[in-house]
Amino acid sequence: MKLPERKPSGREKDEAAVVALAQLREKLHATEISHARKAAFQLSWMQEDGLEILVEALFGSFPRDTKKAAAYGLRSMNGRMRKLAEEALTKGLAHHNRITKDACAKSLQLLKEGPPPKRAGFQKEFQRPRRPGIKEFRGRGPARNQFQPRNARPGR
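Residues numbered from 1 in each chain as written. Predicted model: local features only at pLDDT ≥ 70, side-chain atom pairs only at ≥ 80, totals over all residues. Heavy atoms only, no water.

1. Observations regarding the nonpolar core
Soluble globular proteins: nonpolar side chains tend toward being buried together. L28, L43, L54, L58, L74 and L89 are the most contacted members of the largest nonpolar core, which totals 26 residues. Broken down by secondary-structure element, the contributors of at least two residues to this core are α1 (15–28), α2 (33–44), α3 (47–59), α4 (64–75), α5 (81–92) and α6 (98–113). Apart from residues no more than four positions distant in its own chain, L43 is found in contact with L21, L24, L28, G50, I53, L54 and M77. (Core = buried A, V, L, I, M, F, W, Y, C linked by side-chain atoms within 4.5 Å. Buried < 20%, exposed > 50% of the residue type's maximum accessible area, 1.4 Å probe, protein only. Helix = DSSP H or I, 4+ residues; strand = E, 2+ residues; numbered from the N terminus. Contact = heavy atoms within 4.5 Å.)

2. Quick notes on unusual backbone geometry
If you check the backbone angles, Q47 has positive phi at about 50° while not being a glycine. With respect to the secondary-structure elements, Q47 resides in helix α3. Owing to a relative accessible area of 31%, Q47 belongs among the partly exposed residues under this scheme.

3. Some points on the packing of aromatic side chains
A complete count under the given rule lists one aromatic pair for this structure. When the ring centre of Y72 is taken as origin, the NZ or CZ atom of R37, which lies over that ring, is 3.8 Å away. Taking the ring centre of F59 as reference, the NZ or CZ of K91 above it sits at 5.2 Å. (Phe/Tyr/Trp six-rings, centres within 6.5 Å; stacked < 30°, edge-to-face > 60°. Lys NZ or Arg CZ within 6 Å of the ring centre and 35° of its normal.)

4. Points about α2
The end-to-end C-alpha distance of α2 is 16 Å, a good match for the 16 Å that twelve residues give at a rise of 1.5 Å each. If you follow the buried residues of α2, they end up packed against α1, α3 and α4. (Expected span 1.5 Å × (residues − 1).)

5. Describing a nonpolar patch on the surface
A contiguous nonpolar surface patch, about 310 Å² in accessible area, is contributed by F41, W45 and M46. For W45, the location among the structural elements is in the loop between α2 and α3. Accessibility expressed as a relative area gives 54% for W45, which makes it exposed. (Patch = residues over 30% accessible without salt bridge, like charges linked within 9 Å, V, L, I, M, F, W, Y side chains within 5 Å. Areas by Shrake-Rupley, 256 points an atom, 1.4 Å probe, with all protein chains shown as cover. Salt bridge = Lys/Arg side-chain N within 4 Å of Asp/Glu carboxyl O.)

Here is the structure:
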């Protein structure tokens, strides 16, 4: 998918920041959801520029995976941007696109409640049984690894 060129906001410090934001924006729109989520998480650390790109991806006409990754990035925002990200997700609940509504509702639910608890005992069913360790067998008499001269052995 060919994205339209993004105009720099003026907050970027140098050309390297502009290039990094462009690369992360491309990765956000990737078809592989894991790459898109990683890019969204990295954008969540980039303050206003990251917020701007994530909101654009959430409210634009993009595929479901892009919108879900953008909602994940907004959910991962920290510091002073967290409140703005929550406002953007709340605004998305009234959006005309059903996919945007669903992604925003799920992200807001996870923000408020946290992740669902894991089922107890789930991993124990699939673990292989462990073998008992090798135990030392001690017979009667002195240990065999101790050196004793022939004439000092018991029984002679």
